[in-house]
Each structure stands twice: as C-alpha cells, then as structure tokens.
Amino acid sequence: MEEPAKDQPAEASPEQKNGKSSHSDEDTIHIYATLAFIVVIIVIGVPMWWKTTEVYRVSLPYAEIESLDAAPIKATIRMGLFVGSSRERRDILAFELRKKFENNFVFNLELEDFTLEPEVMKAAKTPAALEAAILKRYPLGLGEFVLIEWSKLGEDVLVTSERSAFISESATSLKIYQVLSSWILQEYKLKAILGSKDMQTTKGRQLRLNTAPMQPHYEVLISVINPRPDVQRVHWNARAAAENYIVPFLTELSTIANFTVKTQWAYQVEIQNSPLKQVQDDSKLRRHYAITEDVLPHVITSFEKKLGNQISNDPAIHLVVYVPPCELAPLRIYRKDGTRASADNVEAFTSAKWGGIVLANPKDETILNWLNSSEHSEVYVSSQDVMPAMLYQLRKIFDLENNIPLLDASLSPLNSIEPRAWEVDNFIRANTIYRIHSATLTLQSLIQLLGGIEYIVINDQVGAAITDAYGRITVAKRLLEENRLGEAAAEAREAYVSAERAFFDPSMLALLYFPSEQKYAIYIPLFLPIMIPVVFSFNTISKYLRKRFGKGGKDKTE
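Our subject in this report is the structure included herewith. Keep in mind that what you see is a predicted model, and the values were worked out from it rather than measured. (Residues numbered from 1 in each chain as written. Predicted model: local features only at pLDDT ≥ 70, side-chain atom pairs only at ≥ 80, totals over all residues. Heavy atoms only, no water.)

### Brief notes about the nonpolar core
Okay, step 1: In terms of nonpolar packing, the biggest core is built from 100 residues, with Leu147, Ile246 and Phe398 touching the most fellow members.
Okay, step 2: Considering each element in turn, this core owes the most residues, twelve residues, to helix α12 (residues 421–452).
Okay, step 3: In this structure Leu147 touches Met79, Gly80, Leu81, Phe82, Leu97, Ala165, Ile167, Ile176 and Leu180, once residues within four positions along its chain are discounted.
Okay, step 4: Counting 21 residues, the second largest nonpolar core, distinct from the first, contains Ala266, Val299, Phe303 and Leu359. (Core = buried A, V, L, I, M, F, W, Y, C linked by side-chain atoms within 4.5 Å. Buried < 20%, exposed > 50% of the residue type's maximum accessible area, 1.4 Å probe, protein only. Helix = DSSP H or I, 4+ residues; strand = E, 2+ residues; numbered from the N terminus. Contact = heavy atoms within 4.5 Å.)

Next comes the structure, spelled out in structure tokens:
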C-alpha cells in the first residue's frame, strides 16, 4: 500500500465548511443591509429633505428686466406748422425746428405742414377764426400741438388755452423752441424725473421735482371749519361748490388718477398758536390780525388731527376753508419780512404734499354788526371768492403752474375752471414718463434683491405682477413713441401699480429672517448622528469588496 503524502493538507470537516459559509452569509447580509440603508438615506432621504425645504420661486425674466434701460424712453409729438406769409419762411422754420429736436433726450418731433385755401385765409379776420379754421381741417388729439402765424401779433409768441400758439412773422425758431421746451413740453420736469445730469442747480445739486408722485387714487376732502359755532353761523353750500368747480377741474386729470370728492363740516377746531398779533390799518375796522408764514406748518398739523384722515386707504388731498370768528377777523397772512402775502380778502396757503387752507374772512359789515351787538353773526361764504383760490391750490399741488418768464412770449389769460388743454397734455405725458421710469427702477431693484437673496419666496401672485409690469412697461414705451399718449398713460398706470404691488407684497417676507445658514444649523444636528455610521460603513463595504473579489476582480468564494 502507498502511504499518503506528508505535505498534503488535511481535508476540512463539514462542520468547518458550514461555519465559514455561515459567517460569509452573515457578512453579505450585513453589507447588503448597510447598502440598503445608505440608498434609503442618500437616494431617497436627502432629495426628499432638500425638496421639502426648498423655497418656492417662480421663474422671472431677469435678463429682460435688467435690459429695460437699454431702450430709452422716447415720446413722439405731432406738431402742425401754419405759415401764411411765404413758403420760404415756412420751409426755413420747419427745417430749423426739426434740427433743434434731432438730439432731444426725450422728444421725437413729427412736424406737419398745415395749409388753408386762400379764400379761407381771407375770411379769417381774427386769430380765433383762423385757429378755428385750421383745427376744423386738422383736428388735434391728445398731446398734439399747432403753431399758427399771425401777421398782426404784437409779440413773438402767444400761447392760447387750447393746443395752439400764435407766432409773429418775425419770430425765430430759437424763440419758438424756447416756448415749446419751457412751457408746452416742460422738458425741465422730464429731466428731473429721469435724473438727467444736464439738469443741475447753480450749486451743482441734482434737480428734483417738488411735487409728490401721482398715485392711482385720491380722496379730495373739502372741509369747512367753523371754530366758534356758538357765536357765528356759517352759510355755504360746499357740496354745490365742489360739483361746480372742483369736479370739472379733476375730470380733466382723470386719465392719470381717479378722484373721489367729499365734503365735511368741522366745529370747534381753532388755530393752535400763540395769541394773534393785532395790526392797525385804514379799514373800517381800524385793525386786523396777523399770522406769520412760519406758523402755517403748525396750523396744518393741528388741523390734520381733526379732519378724519382715516376715511380711506387712498392718499388724501385736503382743501380746508377756515372761517375765522369775528373777534379775530379779518385774519391776514404775513411773510417773514413783515409784508402782506396777499391783498385780497380771501387769503390762502398751500402745502404740495398735503393740500391747502383758505382763510375766508367775514365781511367788514358782518364783523361790525357783531362788535356792536355781541350776538350771533351770520357769515356767508362766497364761492366766487373762495373757489378761485382753491383751484389755484390744486394747480400748485399738481404742478400745473408755470413760472418761467420768457421775453417776448406770453400766455393767454385762463378764463375757465379747467386747466389749459396743453397743460393737461403735459401733465399726462410727464406722469406717464414718471410711471414708466419708476416702474422700471422698482422692477430692477426687486430682481436685484431676489437674485441676491435666494431664500426669499416668489409666489405665483408676485411672479404674475412682475411679469405683468414688465410687459406693460414695454407696451407703454412703444405707445409713447408712436404718439398714442392716452393708451400709453393707461399702460404706464397699470405697470406702476403692478410693480408697486410686487415690491411691497408681504409674502416675500415669509422666510426673509430664515436664511439657508439657519436651515442647515437646524437640520445638521438631526442628520449628523445618522450620517456618521453611514460614512464609517463605507470602510467596511470597501474591505468586504476587496476580500470578496480581490485584486483580480474574481469572486474568491467560487
């Protein structure tokens, strides 16, 4: 018999084989369980956590909004030119006017040649008849204007209350351009709105508008104040005065804003001031009382508390008629230098961002009767005295007054309650440009904020408002350049409202004080204890794979 080789290893017993197999199976199960746990945490858990904690943000046209400034705001004005003296002068004026508007920062001039038949020109014996004949043949729309030559004009340019101006045969294109720029188009306002570097004061400061920006809705509250109802009865139909004077005036401005006119009476509201100074004069009463300009802001403050500012969420324009009691009447306003501010019986002062106050003094006869009898006085307020002052205050509030003097140029007297037609056009144009510019700046500031802070919520309403404002801005700029002023004003108004609504939407503040750093600080203590075993399990899995497959890549268990 052959003996077995001494160096040959002994064959493993079945128990040993089963032990190794069982140990290997347990390791495999452990590794698979670890892999399943890692898959659940990383593949399912982390994405789910990330998705459920992300901030909802609607996609916005960031690039398009940032490039809104690339296309400047341009307004086209259609202007007619009627020159009856000679065709040569008409061609020269037309050429020079077009030349002066070539590099204008806002306006594109669309100059048209207006002509009439010789018999029609001969029949027009007055400037008004000539103007009527021209406007009948060439009707003018919103924002349009016409220059009419009249041989017998005593000055170079006479601007009417309509959309027209008369020029003399000697008027130069420079003088006409000065009138158009300063009065009709009021370019200085547009430069102030757009922040032009060319428009600076003598001290180098940037010029800004003195009036408050126009809002879409206003409450116009007319208040009649009777400080002493125990000794005087005030008679005045304030409602009828508002309907006959204020409403027609505001109707002309309704393209830009909606106005609600209300009237009220207030009693026992006196001027909170030190004792009024009595001044001797030559009137029947031999005296009057003085109030100085530096006290007027305190008067507004004292009145404002009693006038019911909470009647609406819309901004209010206060028009106050204060009837001084006979014992302190007549009440006059004095400047700081000691001179009277007005020579009329009705005196007034204006605050552009608040409104105005009219001092309706009782007549001298009424005051004398009260001084002799010391009983109740009957005070009758005249609308013909009070309402012109109130209309002037509205013109100041809406910046319709033009105080730029020009040599050899004048304005025709304003004989109507409504503003001049070209004043309304300029008011609409300036506010349209302001709203386009303001909405653009608001959107650009908003997207810069949203782009820099990624955890601000942008919900569907905010996204829709931003997109709507951007679309309306582009449409308004196009309509303005196409000389469709009324449509451009409507689009600019909606763009301004949408931009303001998006900018001040309270939903964007939901996570403003919960940035990503705080989110990580809260969730890391939750996930860190779970992720530590997962990270260390990668070492175990790596050893298992090296042991199982080896360097050659074959499974050693086979």
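Read on, since the account is not over.
### Structural notes on the packing of aromatic side chains
Okay, step 1: Here the structure, examined in full by the defined rule, presents nine aromatic pairs.
Okay, step 2: Aromatic pair Tyr218 and Phe259: ring centres 5.8 Å apart, planes at 20 degrees, arrangement stacked. Here the residue Tyr218 occupies a position in strand β6 (residues 217–226), and Phe259 occupies one in strand β8 (residues 258–267), the gap between them amounting to 41 residues.
Okay, step 3: On the accessibility criterion, Phe259 (17% relative accessible area) is buried.
Okay, step 4: On the basis of an interplanar angle of 80 degrees and a centroid distance of 6.0 Å, the ring pair of Phe398 and Phe427 is categorised as edge-to-face. Here Phe398 is found in the loop between α11 (383–397) and β16 (409–411), whereas its partner Phe427 is found in helix α12, with 29 residues between them in sequence. Each member of the pair Phe398 and Phe427 is classed as buried. (Phe/Tyr/Trp six-rings, centres within 6.5 Å; stacked < 30°, edge-to-face > 60°.)

### Concerning the pairing of strand β11 (residues 316–322)
Two faces, one strand: in a regular strand the side chains alternate between the faces of the sheet.
Okay, step 1: Counted residue by residue, β11 has six buried out of seven residues, so it is predominantly covered.
Okay, step 2: In this sheet, β11 lies alongside β6 in parallel orientation, the contact comprising seven bridges. Considered in β11, the bridge of Ile225 is made with Tyr322.
Okay, step 3: Summarising the sheet, β11 and strand β14 (residues 355–360) pair through five bridges and their orientation is parallel. Residue pairing for β14: Val321 is matched across the bridge by Val358. (Pairing = 2+ DSSP bridges.)

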